[in-house]
Structure formats: C-alpha cells, structure tokens
Amino acid sequence: MTDHYSSDLHQFSVRQLGEGLATKQFSSVELTQHYLQRIAALDPQLNSYVTVTGELALAQAQAADQARGAGHAGALSGIPLAHKDIFCTQGIKTTAGSRMLGDPKNPFIAPYNATVVQKCLDAGLVTLGKVNMDEFAMGSTNEKSFFGATKNPWDTNRVPGGSSGGSAAAVAADLAPFATGTDTGGSIRQPAAFCGLTGIKPTYGRVSRFGMIAYASSFDQAGPMARSAEDCAYLLNVMAGHDAKDSTSVDLPAEDYVAQLTQVDDLNQPLKGLRIGLPKQYFDSPALDPEVKACIEDSLKQLESQGAILVSIDLNTADYVISTYYLLAPAEASSNLSRYDGVRYGYRCENPTDLTDLYQRSRSEGFGDEVQRRILIGTYALSAGYYDAYYVKAQKVRRLIQQDFLKAFSQVDVIAGPTTPETAGIISIKLDPVLEYLSDLFTVGANLAGLPAISVPVGLDEKNLPVGLQLIGNYWSEGQLLSIAHHYQQQTNWHLQRPPVAKQSLTQENV
Ligand code: GLN
C-alpha cells in the first residue's frame, strides 16, 4: 500500500484495525503514516495536537511490525493513539496546556512515563503525539490552553469542549483512532458529547493516576475517548488496573470490558429488565436546551425498545453539585499547584531580585488567569478563618451527594440524562467564568461521588452539532455502562456520523 492519503484506514474501528494488522492487510508503519499524513493535512484547522511525535511513532510502529512478524504481537499491537498532554511521557515534553510546563524556552520533559502511557506502550500501541487541553485541565472549552484554542471539527467556530478537547477533536476528525483523556468534573464526557464521541470516566481508583499531572486529586480519573463503546472498551482494557505507585488505585481483578459488551441473555432484548433512572432534576432543569432534551428522549425510547425500563427518580442534591465541586476542586488544586514555584522545574521568571520575587513572578507569568483564579479561591477556602465554613461544609455536602446517588442505585441500575445542558458554544463567547462552570451541571456529580459515567452520541441538533447521553452507573460498573452503550450503537448510527473536517479529502496539495 503506497497511497496512504487516499485510503480509508481512518474509518476502521479498533477491532477492524486489529484484524487488518493480524491478517497483514496493512502494516503498523503504513497505518501510522496514514494518520501522520492526516494530522499534517488537517490539524492546522483544529489545533488538536500540541506535539506530533512522528519519528518516534514510526519507530514504535516498526517495532510493532517486527514483533508481529516474530509472532508475539498483542491484539492492539501497532494501533496508534494520542495522549492528552497531562500524562507524563518520558523524553517527550508534557505541558498540561500551561506555560508553566510548556514554556518554549524550557519545556518540562518527564524522566518517566505515566502508568497509563507505559501500559499503552506495553500493549504495543503507537504514540502519535500529545493533544491539547485547558491549562491544568481547568476549563470546559479548551480555550484556556497556553497553546491556543482547539476547534470543534463539527464547526470550527465552536469549542470542542474541555478540558480533554484536543483528545476529542483529534478522534472526531479521525486524526487518531482513540485517545486518552482525564475527567475531574466532566473533562472526558463533555468534550465527547460536543464532538460526537463515546467517552467513559471510570470509577475513581480504576485507572492509575501515577504520572498524570494532578488537578484535584480526589476527583481526577483517566479514561478512554473513541468513536464507539467497543473502541473505548479496548482502550480501557489497557488503561485499567491496580498500580502500587498510586495508593488510590484499587486492587481488584482485571476485567475484560470487550468480552462484557456482548454478555447478554437475550440478543433481541439485550437490555431486558435494566432499570434506568431519570432524575427529575435533570430533565426539568431550566438550563436544559429543548433540542438536547428531545434527542435524549429519543435515545431513551430506543433503550426502552431494547428492553430497558424507564423510572422517574429524584436526585435532591442535584442543585448543589456545582457549588460543592467549584469549592473542593480549587481547594485541592491550590495545594497541588503549590509545587510550581519556579525553583525545581517548570517556568522560571527572568532576573528575579530575591526569592519572593522569583516565586511571585514565576507563578504570575507561568499560570494563566483561570488557574490563578482557582488557586486564589482554593487558598481562600482552605485558610484558617474560612476552612470550617467553606471547605469542611463542602466536604459534608459531598458526602450527602454520594448518599443521594447510592439511594438512587437502590431503586435503579443506572441513571440517564443529558451529558451537557447545551451543545458546543462559539469560541470566546462565554466571558463569564461562572457561566462556564454551570455547563458542568450534569457531569460533576459523578466525580463528587467517584462513580463511573459514560457519554454516548445520540443525535444532532438543528445546527448539526452532536448531543451526548450520559449514563451514570454504580461503583465498578464500567463494563455494564459500555455494554449498554454498545447495544444502543448496534441499533443506531449516531456514533458513525463524521464531522465536515474528517470528510475532507486529502489532496496532494495538503499532504
Ligand atoms: N470543567 C471542569 C473544570 O473546569 C472539569 C474539568 C475536568 O474535568 N478536568 O474544573
């Protein structure tokens, strides 16, 4: 195969890619070249990649081909992926979307790989590069990146969501078959919804946080973003598992999420008896756009036709999730980000006059406005006079929110609703930070409770922008969530719709 740019390898599912590599229809080098050509031709419209590791990718692809030739390649060996630029990659710069780590004069180059990155390498996956994100994962639009906004492939005047917006835009435009993301308050699910992808935030503790740059440690969790639930299941199989280097990672036996996709009693009614709870507080929310609501309701009918039972439920704490999250996450962030002091690594200001000046200017020049805002809020909430009134109180509300979810799970198997109140907005239109925070209304609850949650594409609004259905499950129910999404995707083709950028043909001029 020589005509890489004209082939349709980027439309293959992960399973098809694995089969094609196993049967030698194409090599990993050919597949990797194909993706690198698409990135070179199309990413200038999107700005989804911060770093493209072309040479390294081709070397890894060659190694994967050799391993396959020698008969010891795994199922995913030789398939490319992109990593959110929050995961430490040995020898490759890791920026977290910040000048603090990504200053062009002195970028941070980690001396080790994050566990997630290492597991992907061990599985033979090929690293295409590192993708853009809101600075330190704080944001819902990707506009907060030091490297500039990423554009939504469905409409390049619009945001792809955030903070894993680079992962979402890259996968949606077929510039990577799948990508890693992280989700502290919705950063996998919200960009997945805005870009028409499937993305799952696993239960807190399911995936190791070692080497993942910390934002709010008791919320942060990594997960896969891909076109389908099946593709997500393949990547989650690689990412999940206990890691002694992360004391919050759980020592549970590994699960095979791909095998679980199709484990059902009745193939005609794969969701038979599944009780899906619909929180009144989500569906009656004044923030919910009517077009989004209509798509969600259609998708629920589809699930019902496959045997699910829809049950109206209450989540009485739903109104408190934003204020609780936006107090606790900045509190943790203010502590985590204190390590960036201009001394050990990261950005250091020029010609400091003394140590205080070094700290102050390095942090003022190295961090963007939103990160500084959150450090200030978090420091305030943790300060001696306000700790009990704000931080401790928010921790108590967090517990009530978790109990509210657990009460719901005594009535239903999963909870369903919209992932986001609206579809993707226009770039730089939301100037008020609180308005942006409110867009996390339906996603932060799962993080506060540590529960797994998935976003599944279920329609397009009148502006031709994707709508995401969110399913929240009980602890360790990733397999069940992926399986429900998979059965939905067996009957519908929303996950197969491609955005205009992905459909552009690569000509000799733009490759
Ligand atoms: N938008 C949320 C925030 O800004 C969530 C971000 C995330 O999940 N990393 O905190």
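Owing to the predicted nature of the structure, the values given are computational and were not obtained by experimental measurement.

**Regarding the pairing of strand S3 (residues 126–131)**
Line of reasoning, step 1. Within S3, 6 of the 6 residues are buried, which leaves it mostly tucked inside the rest of the structure.
Line of reasoning, step 2. Sheet analysis places strand S2 (residues 80–84) next to S3, joined by 5 bridges and oriented parallel. Directly across from His83, in S3, lies its bridge partner Lys130.

**A look at the nonpolar core**
Line of reasoning, step 1. Within the largest apolar cluster, 140 residues are counted, with the highest numbers of intra-cluster contacts made by Phe136, Phe405 and Leu482.
Line of reasoning, step 2. Excluding anything up to four places from it in sequence, Phe405 contacts Tyr282, Leu315, Ile415, Gly445, Ala446, Ala449, Leu451 and Ile472.

**Here's the deal with empty space enclosed by the protein**
The rolling of a water-molecule-sized probe over the atoms marks out the regions of remaining empty space.
Line of reasoning, step 1. Inspection of every chain in the model, using the stated rule, returns 2 cavities of 30 Å³ or more.
Line of reasoning, step 2. Approximately 80 Å³ is the volume attributed to the largest cavity.
Line of reasoning, step 3. Taken together, 13 residues line the largest cavity, and the ones lying closest to its centre are Gly139, Ser187, Tyr325, Tyr326 and Asp440.
Line of reasoning, step 4. Among the residues forming the lining of the largest cavity, the class breakdown is 4 nonpolar, 7 polar and 2 charged.
Line of reasoning, step 5. Lining the second largest cavity are Tyr282, Leu315, Thr317, Ala318, Val321, Ile401, Asp404, Phe405, Leu441 and Gly445.

**Side note on the pattern of salt bridges**
Line of reasoning, step 1. Per the counting criterion, the structure on display carries 20 salt bridges.
Line of reasoning, step 2. Of the charged contacts in the structure, one is a salt bridge between Glu350 and Lys105, with a shortest N-O distance of 3.4 Å. Here Glu350, found in the loop between helix H12 (321–336) and helix H13 (355–366), pairs with Lys105, found in the loop between helix H4 (99–102) and helix H5 (115–122); they are 245 residues apart in sequence, far enough to count as distant.
Line of reasoning, step 3. Between Asp357 and Arg361 there is a salt bridge whose closest N-O contact spans 3.2 Å. Remark: Arg361 and Asp357 occur in helix H13; sequence separation between them is 4 residues, near one turn of the helix.
Line of reasoning, step 4. Asp357 sits in the buried class, given a relative accessible area of 16%.
Line of reasoning, step 5. For Arg361, a relative accessible area of 26% translates into the label partly exposed.
Line of reasoning, step 6. Look at the salt bridges and you will find they share partners, linking Arg15, Glu19 and Glu230 into a network.

**Some remarks on the pairing of strand S6 (residues 221–226)**
Line of reasoning, step 1. For S6, a buried count of 6 out of 6 residues is recorded, marking the element as mostly surrounded by other parts of the structure.
Line of reasoning, step 2. Summarising the sheet, strand S4 (residues 178–183) and S6 pair through 6 bridges and their orientation is antiparallel. From the neighbouring strand, Asp183 faces S6, where its bridge partner is Gln221.

**Side note on the environment of Leu58**
Line of reasoning, step 1. Along the chain, the position of Leu58 falls in helix H3 (residues 54–69).
Line of reasoning, step 2. Overall, the relative accessible area of 28% leaves Leu58 in the partly exposed class.
Line of reasoning, step 3. Spatially, the C-alpha atoms of Leu58 and Gln489 are 33 Å apart, while their sequence positions differ by 431 residues.
Line of reasoning, step 4. Each residue touching Leu58, except ones within four places of it in the same chain, is listed here: Val29, Thr32, Gln33 and Leu36.

The rules we used
Residues numbered from 1 in each chain as written. Predicted model: local features only at pLDDT ≥ 70, side-chain atom pairs only at ≥ 80, totals over all residues. Heavy atoms only, no water. Buried < 20%, exposed > 50% of the residue type's maximum accessible area, 1.4 Å probe, protein only. Helix = DSSP H or I, 4+ residues; strand = E, 2+ residues; numbered from the N terminus. Pairing = 2+ DSSP bridges. Core = buried A, V, L, I, M, F, W, Y, C linked by side-chain atoms within 4.5 Å. Contact = heavy atoms within 4.5 Å. 1 Å grid on protein atoms, 1.4 Å probe; cavity = no way out; pocket = protein on both sides within 12 Å on 5 of 7 lines; lining within 4 Å. Points joined across faces, edges and corners; volume = space filled by probe spheres on them. Nonpolar A, V, L, I, M, F, W, Y, C, P; charged D, E, K, R; others polar. Salt bridge = Lys/Arg side-chain N within 4 Å of Asp/Glu carboxyl O.

Geometry only, nothing functional implied.
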